[in-house]
Amino acid sequence: MALEMRDRCERCEKAALPLDAPARICSYECTFCEPCAVGMQHVCPNCGGELVRRPTRASA
């Protein structure tokens, strides 16, 4: 089962997150840009889980 690589920040909805861009995710794959993750102190607002660095994926 592969990660769902979302292409937008779920908080600001403005930050584009291409597959090779830095992003933060929780264990439920909620996805946020780096500035939003820092603003939320690396805690997911949806589940309360830790936001960690999303692995990068090579573009197809």
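Residues numbered from 1 in each chain as written. Predicted model: local features only at pLDDT ≥ 70, side-chain atom pairs only at ≥ 80, totals over all residues. Heavy atoms only, no water.

Per an unreviewed UniProt entry, the recorded name for the protein is DUF1272 domain-containing protein, and the organism is Streptomyces durmitorensis.

**Here we look at the pattern of salt bridges**
This model, assessed by the stated rule, comprises three salt bridges. With a closest N to O distance of 3.2 Å, Glu4 and Arg6 form a salt bridge. The exposure class of Glu4 is partly exposed, given its relative accessible area of 46%. A salt bridge links Glu34 to Arg24; the nearest nitrogen and oxygen atoms lie 3.2 Å apart. Within this pair, whereas Glu34 is found in helix α1 (residues 34-39), its partner Arg24 is found in strand β1 (residues 24-25), the two being separated by ten residues in sequence. The exposure class of Glu34 is partly exposed, given its relative accessible area of 23%. One network of salt bridges, with partners in common, ties together Glu4, Arg6 and Glu10. (Salt bridge = Lys/Arg side-chain N within 4 Å of Asp/Glu carboxyl O. Buried < 20%, exposed > 50% of the residue type's maximum accessible area, 1.4 Å probe, protein only. Helix = DSSP H or I, 4+ residues; strand = E, 2+ residues; numbered from the N terminus.)

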